[in-house]
Amino acid sequence: SRITFYHLVSWFEASVGINAEYGYLGDNEPSTASDGSVEGCTGSALDTSVYDLENVPKLSRKTVCPSALHHGNLRHYDVHNIYGWKSSVVSHKALSSVIRERHMLLSRSTYLGSGVHTGHFIKENSATWEDMKHSIVAMLNYNLYNIPLVGANICGYRHAVKRDNPATEEELCIRWYQLAVFYPLAKRFTSEETSQVKFSNATEDLIDAAVRERYRLLPTLYTLFYSAHTRGLPVVSPLFFDYLNNKEVLGDKEVLQIDTQFMFGEGIMVAPVLLPGVKTVAVYFPEVPGTITSTPSTSSTNPVT
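Reading the values: the criteria
- Residues numbered from 1 in each chain as written.
- Predicted model: local features only at pLDDT ≥ 70, side-chain atom pairs only at ≥ 80, totals over all residues.
- Heavy atoms only, no water.
- Core = buried A, V, L, I, M, F, W, Y, C linked by side-chain atoms within 4.5 Å.
- Buried < 20%, exposed > 50% of the residue type's maximum accessible area, 1.4 Å probe, protein only.
- Helix = DSSP H or I, 4+ residues; strand = E, 2+ residues; numbered from the N terminus.
- Contact = heavy atoms within 4.5 Å.
- Pairing = 2+ DSSP bridges.
- Patch = residues over 30% accessible without salt bridge, like charges linked within 9 Å, V, L, I, M, F, W, Y side chains within 5 Å.
- Areas by Shrake-Rupley, 256 points an atom, 1.4 Å probe, with all protein chains shown as cover.
- Salt bridge = Lys/Arg side-chain N within 4 Å of Asp/Glu carboxyl O.
- Disulfide = S-S within 2.5 Å.
- Axes fitted to C-alpha atoms, helices over the stretch in contact; angles between N-to-C directions.

Here the focus is the nonpolar core. Taken as a class, soluble globular proteins show a tendency for nonpolar side chains to be buried jointly. If you look at the biggest cluster of nonpolar residues, it comprises 35 residues, and the most contacted ones within it are Y183 and F262. Put simply, the parts of the chain that give this core at least two residues each are α4 (129-144), β6 (150-152), α5 (166-180), α6 (201-216), α7 (218-231) and β8 (262-264). Residue contacts for Y183: discarding those within four places in its chain leaves S135, M139, V150, G151, A152, I154, W176 and R214. Membership of the second largest hydrophobic core comes to six residues, among which are L239, Y243, M263 and Y284.

This part covers the sheet that holds strand β7 (residues 236-237). Taken together, the three strands give an open sheet; going across it, the order is β7-β8-β9, and neighbouring strands pair in antiparallel fashion. Strands with a single pairing partner mark the edges of an open sheet, and in this sheet they are β7 and β9 (268-270). In terms of strand pairing, β8 meets β9 through three bridges, oriented antiparallel. Across the sheet, the residue bridging to F262 is V270, located in β9.

Residues I82, Y111, L112, L144, Y145 and F241 make up a contiguous nonpolar surface patch of about 550 Å² in total accessible area. Among the secondary structure elements, I82 is positioned in helix α3 (residues 76-99).

So, about the side chain of K123. Topologically, K123 is positioned in the loop between β5 (119-122) and α4. Sequence-distant contacts of K123, that is, excluding residues within four places in its chain, are made with Y24, N153, Y157 and F189.

Once that is clear, we can look at the environment of L185. Within the secondary structure, L185 is located in the loop between α5 and α6. Note on L185: relative accessible area 7%, which makes it buried. With 79 residues separating them along the chain, L185 and L106 place their C-alpha atoms 9.8 Å apart. For L185, the contacting residues outside a window of four places in its chain are L106, H120, F121, L149, V150, G151 and R214.

To continue, consider the state of the cysteines. Linking two cysteines covalently via their sulfur atoms produces the bond known as a disulfide. Counted by the stated rule, this structure contains two disulfides. With a sulfur-sulfur separation of 2.2 Å, C41 is cross-linked through a disulfide to C65. Linking C41 and C65, the disulfide has an S-S dihedral of approximately -90° and is accordingly described as left-handed. Of the two residues, C41 sits in the loop between β1 (22-25) and α2 (45-48) while C65 sits in the loop between α2 and β2 (69-70), which places them 24 residues apart along the sequence. Classification of C41 by relative accessible area gives partly exposed; the value is 29%.

Here the residue pair E29 and P30 is connected by a cis peptide bond, since its omega of 0° sits within 30 degrees of zero. Tracing the backbone through its elements, the reader meets P30 in the loop between β1 and α2. One non-glycine residue, K62, lies in positive phi territory at about 55°. Among the structural elements, K62 can be located in the loop between α2 and β2. Judged by its relative accessible area of 36%, K62 falls in the partly exposed class. With a phi angle near 60°, N73 is a residue other than glycine that sits in the positive phi range. Relative to the elements of secondary structure, N73 occurs in the loop between β2 and β3 (74-75). By relative accessible area, which is 62% here, N73 ends up exposed.

Let us look at the environment of L149. Position of L149 among the secondary structure elements: in the loop between α4 and β6. Classification of L149 as buried rests on a relative accessible area of 18%. In the structure, L149 is positioned 45 residues away from M104 in sequence and 9.7 Å away in space, judged by C-alpha atoms. Residue contacts for L149: discarding those within four places in its chain leaves M104, L106, G119, H120, P184, L185 and F225.

Time to look at the sheet that holds strand β4 (residues 104-107). Spatial ordering of the open sheet is given by β1-β4-β5-β6, a layout of four strands whose pairing is parallel. Strands at the two margins of the open sheet, each flanked by one partner only, are β1 and β6. Along the sheet, successive strands turn relative to each other by an average axial angle of 20°, direction set aside. The sheet contact formed by β5 and β6 spans three bridges and is parallel. Bridging across to β6, H120 finds its partner in V150. Along the sheet face, α3 touches β1 and β4 and points at about 165° away from the line of β4. Strands β5 and β6 of the sheet are contacted by α4, whose axis makes an angle of about 170° with β6.

Here is the structure:
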């Protein structure tokens, strides 16, 4: 509740002597260790409904029973999708009332409208090239949902398979940090297994270079967030957001198929390396009059390297 969170923040500041400027709401889907509850669910029609959802045999899987009642006799079945949004609302109010200055709040569960109160952290991902690629689509989607403060867990939260090739993992982490330079939210949160990873000096130097580039771009990022706050514009966007309806591009349908490139504001196009062992990337440049559209050897009407 708001009172509980308010007193928690106040107690932390008084006991530790540190002003709380950041909050993270985890497991607020809500998530539970059991299916429904330790005693199980009621067996009502809501609790026994079966949906054809991948890896989700029942709606109470690792969450509250659909028949459970919230304050006001609201069934969890009806409010599950906005539970995370509501926790963000009350947490934002509590932090604002305690701190009375600008703060940052992140949530693992969000809904339309959450961007007013919180950002979104994509925490539960794996240290795989596939998940790094998927983070781009997720990041772009959330910006179109008007939740601009979003980022995936850099290098992955957990290992998807047994680690038998440290060099491959180092390459993945280098590329992920290079991509995260352009995340609206750049954050790494390790699990017990991923925190044990040790990198070579060469890898640490490359990661350090990426982090420095991130800091160099902070004035640009700050400006983009100001535009997101005042004009509702995304910090990062898919190519079609900028080019599909541009009359000079004449409705370039090619941009609808691209999910491995994105715009960082209006002036920087990002095309990261998303595969192991790759040194060059094919990049698509929409033809816009008055801009550089070709390399010395390859026309930009086709993918260029």
